[in-house]
Every structure is written in C-alpha cells, then in structure tokens.
Amino acid sequence: MNVPFLDLKVQYKSIKDEVLPAINDVLDNTAYVLGKPVAAFEKAFAEAHNAKYCYGVSSGTDSNHMVLWALGIGPGDEVIIPANTFIATAWGATLCGAKPVFVDCHNESYNIDPAKVEVAITSKTKAIVAVHLYGQPADMDNLQLIANRFKLFLVEDCAQAHISEYKSNKVGSLGIASSFSFYPGKNLGAYGEGGAVMTDDENLAKKFKMIRDHGMEKKYYHEIYGHNYRMEGIQGAVLGVKLKHLEDWTYGRRRVAAKYRELLKDVDQIIMPKEMEYAKHVYHLFVVQVKKQKLEGGSEKRDELQKFLNENGVSTGLHYPIPLHLQPCFEHLGYKKGDFPVSEQLAECGISLPLYAEMTDEQIDYVCDKIKDFFKI
Ligand SMILES: *Cc1c(COP(=O)(O)O)cnc(C)c1O
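Conventions adopted
Residues numbered from 1 in each chain as written. Predicted model: local features only at pLDDT ≥ 70, side-chain atom pairs only at ≥ 80, totals over all residues. Heavy atoms only, no water. Pairing = 2+ DSSP bridges. Helix = DSSP H or I, 4+ residues; strand = E, 2+ residues; numbered from the N terminus. Axes fitted to C-alpha atoms, helices over the stretch in contact; angles between N-to-C directions. Contact = heavy atoms within 4.5 Å. Domains from an automatic or database assignment. Buried area = accessible area lost by both parts, 1.4 Å probe. Buried < 20%, exposed > 50% of the residue type's maximum accessible area, 1.4 Å probe, protein only. Near = heavy atom within 4 Å. Polar contact = N/O pair within 3.5 Å; in protein donor to acceptor, adjacent residues only side chain to side chain. Areas by Shrake-Rupley, 256 points an atom, 1.4 Å probe, with all protein chains shown as cover. Parallel < 35°, antiparallel > 145°, perpendicular 65-115°, else oblique. Left-handed = near helix turned anticlockwise from the far one by under 90°. Nonpolar A, V, L, I, M, F, W, Y, C, P; charged D, E, K, R; others polar.

Things to note about the sheet that holds strand E5 (residues 153-157)
Reading across the sheet, the seven strands line up as E1-E9-E8-E5-E4-E2-E3 and stay open at both edges, with mixed pairing between neighbours. Edge positions in the open sheet fall to strand E1 (53-57) and strand E3 (99-103), since each of these has one partner strand only. The mean angle between the axes of side-by-side strands here comes to 25°, regardless of whether they run parallel or antiparallel. Pairing analysis gives five bridges linking strand E4 (residues 125-131) to E5, with the strands arranged parallel. Paired with Ile-128 across the strands is Leu-154, a residue of E5. Lying on the sheet, helix H3 (residues 60-70) is in contact with E1, strand E2 (78-82), E4, E5, strand E8 (177-181) and strand E9 (195-199); it crosses E8 at an angle near 170°. Strands in contact with helix H6 (residues 202-212) are E1, E8 and E9; relative to E1, the strand with the most contacts, it is inclined by about 15°.

If you want it as structure tokens, here you go:
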C-alpha cells in the first residue's frame, strides 16, 4: 500500500465542482488581483476567527513580515522567536532589519516555552512571536503576562493553526496581530501562494491595508512605505470555497490523530504529541518522537524508522531537521549546539506521520502496522 504524506488530489476531486466555477468567475470578471472574491474571503475568514480585520496577502512569509513592519519593528530591535519553527517566522524579523532572538520550546507543547522567554529579553526587545506549531496554540496567557510586564508586542504566527483554539477562543486575535499562510499544504491551502494578516486593532488594520498596496489608500497617493503584498483574485475565490469545508476537514484531521493515538499507544519506543489542556489542536502535523537511541555509525533510530517506512510505501516528514539557531544563515548570531536542548531533540528524534482529512482507516492501520513491524511488536 502507498500512503502519501499529504494528498491534495483527493481533496481537489471532492470540491472540483464547486471550485472550478468560482475560478471561472474570476476569469470572466478579469478581477485578477484583490477584488470581490478576496474581500468576501477576508470577511468570512475574520468571522471564522472572531476577529475584526483580516487582509488577504501574497504569502505567509509576507504576512510574517507585514505584522512586524506595521508594528514599527526595525533595525536595532530584537524579536523573540521559537528555535523550533519554520524559517519564515524568523524572516519576519530579518526583513524588518531586526534581529531574531531564539528561545527553546516546551517539552510537551513543542511551542515556545514562556518560562524561558524572560532571559532572552533585553532593552532592545520589541516583540514576541508565538508560533502555534503543528496546529496547537502556544501558551498565550503566560506569554501575554511577560509581554505586558516588559511592554512588548505579542503576535501570533498561525500558519499551521487555522481555526485552532486556545481556552475555547480561536487563534488570530489573541495577541495584537497575527499572520496566516495558505500555502497549498497548509490546513487551508490556496492553489498557489497566499497568506493573511489579522487584528482587532483599527489603526493596525489601516496600516496593513496600506502596506499591502504600496503604502496608499488613495490611488498614487503614498502615505507610508509599503510593498506589493496583494492576494490574487483566483486565490481568494478558491479559499472562499475551501473555507466552507475547513471545519469538516479539521474534524477529519482530529479523527486521524485520535486513531494514531489509539493504535500506537502501546508502542513504548515512541513519544506521542501531547494535546495541552488549554488547546484545541488542529493537527497540521502529527509529530511523534522516536526515543533517543544513537545507532552504530551515529544515526538516530528515527532515521532508520523513516527509511523503513519509506521502503514500505509510507511517506513521512521532518519538521524541522535543523532548529533555527543552528541554521548556517544565523551563524553570525553566535548560537551553538546545546543551547536549546528540547528543540534539538525534536530535530533529531521527531518524525511527522502522514496526515490529511481524507486518510482512510486502512491507510492509518497500515502506517501503524508498519511502525509496529519496525519495532518488532
Ligand atoms: C508555512 C509557514 C510560514 C510561511 O508561509 P508561506 O505561505 O509558505 O510563505 C510561516 N510560518 C510557519 C510556522 C509556517 O509553517
């Protein structure tokens, strides 16, 4: 049996009849950039998160940048970022000319550990970026307490966490502002690149709207610096159709995760991801850890498992194999191996199992059987 890591085709087939007319409308109306479908999607997406303002933009990376830019982050400033995240979180800071300062993650939530934030704060720190990694919200209340005490902005990177919940509140307006990605493989994916910024703050919303479109509100009257971070019309139309299915798909993801938990509960060699008490996890990724065990030649048992699954038709992923503080591009920041042990262990021992809403029970059974075969259970 073949189990892909992700299957975008099966989802496309299930909504083809809805999505093609929506794309066709954009072409008929020649509204290729922004336009009505984008505006309608923004409204619906804000409502889905109980937020006031949402703007569709060109990518998640661009939304990471816009959030910090609109808050006035610039050269000389420092921004606190988890060591365990996708690189784009850090580009948000570097694109503003600011310095990313990394903090280790919590060993159960895998999100930035509030207890380790304070030592990273200096007189230059301006913001904390909470990433809701793998689909589970970060510990927002404890991060907000620190942000308040040191007068820092707390922002959310929701690229992996559409409609996830923290203490029964949707992510996206838990901090001052947030960013989203609609990269095709995300829980809500466009048919190309896309992202969004969200806030409840009216002034910030105005800035978002202007920065997205060359710093202007009135045509050719450029009030502030900006960029072209506009969303394409086709992406707005596709996302508008797909948003209606997001709750069902999220339910599907949670079903797969629950089944993994059930079938793998007796496998002592792996550590299951934990759904924190405060969280409604949306399982962008299901990352298990293979208990640390260096094999002859220096490779981890995790690498052997990945190889074995691959040989048996099961695709897996690594999120992420190198934590940000050990990436070559950040060498000049002076971090070293050992600085953030939880993130480093995740990088060495974590493996993401296939997960998408349409996965069949047979596929899930097969993946779990193969894992048990590997561990000779
Ligand atoms: C995917 C992702 C991004 C970047 O989004 P793109 O749309 O690919 O630019 C940013 N942050 C995190 C945590 C992500 O997973």
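Now that the structure has been shown, we can carry on.
Some remarks on the domain arrangement of the chain
Here the chain is partitioned into domain 1 (8-243) and domain 2 (246-375). One C-alpha centre belongs to domain 1, the other to domain 2; they are set 25 Å apart. Buried surface at the junction of domain 1 and domain 2, summed over both partners, amounts to about 3600 Å²; 64% is from carbon and sulfur atoms. Broken down residue by residue, the surface that domain 1 buries against domain 2 is led by Phe-102, Tyr-134 and Asn-187, which jointly contribute 21%.

Considerations on the pairing of strand E13 (residues 350-353)
Side chains of E13 alternate between two faces, with Gly-350 and Ser-352 and Ile-351 and Leu-353 buried alike. Relative to E13, strand E12 (residues 286-290) is paired through four bridges, and the arrangement is antiparallel. Pairing of Val-287 across the sheet is with Ser-352, part of E13.

A word on the environment of His-332
Note on placement: His-332 falls in the loop between helix H9 (301-311) and helix H10 (341-349). Overall, the relative accessible area of 62% leaves His-332 in the exposed class. Between the C-alpha atoms of His-332 and Gly-135, which are 197 residues apart in sequence, the distance is 31 Å.

Here we look at the site of the ligand
Within the structure, the ligand sits among 16 residues, and Gly-60, Thr-61, Gln-160, Ser-181 and Lys-186 are positioned closest to it. For the ligand, an oxygen atom lies 2.5 Å from a polar atom in the side chain of Thr-61. Take Asp-157: an N or O atom from its side chain is 2.8 Å from a nitrogen atom of the ligand. Relative to its free-state accessible area of 380 Å², the ligand is covered by the protein chains to the extent of 93%. Residue assignment for the shell around the ligand shows that the elements contributing at least two residues are H3 and helix H4 (88-95).

Things to note about the packing of H9 against helix H11 (residues 361-374)
Where H9 meets H11, the closest approach of the two axes is 10 Å, and the angle between their N-to-C directions is 130°. In this view, H9 runs oblique relative to H11, as classed from their interaxial angle. The handedness of the crossing between H9 and H11 comes out as right-handed. Residues Lys-301, Glu-304, Leu-305, Phe-308 and Leu-309 of H9 pack against Val-367, Lys-370, Ile-371, Asp-373 and Phe-374 of H11. Looking at the contact of H9 with H11, its residues break down into six nonpolar, no polar and four charged.

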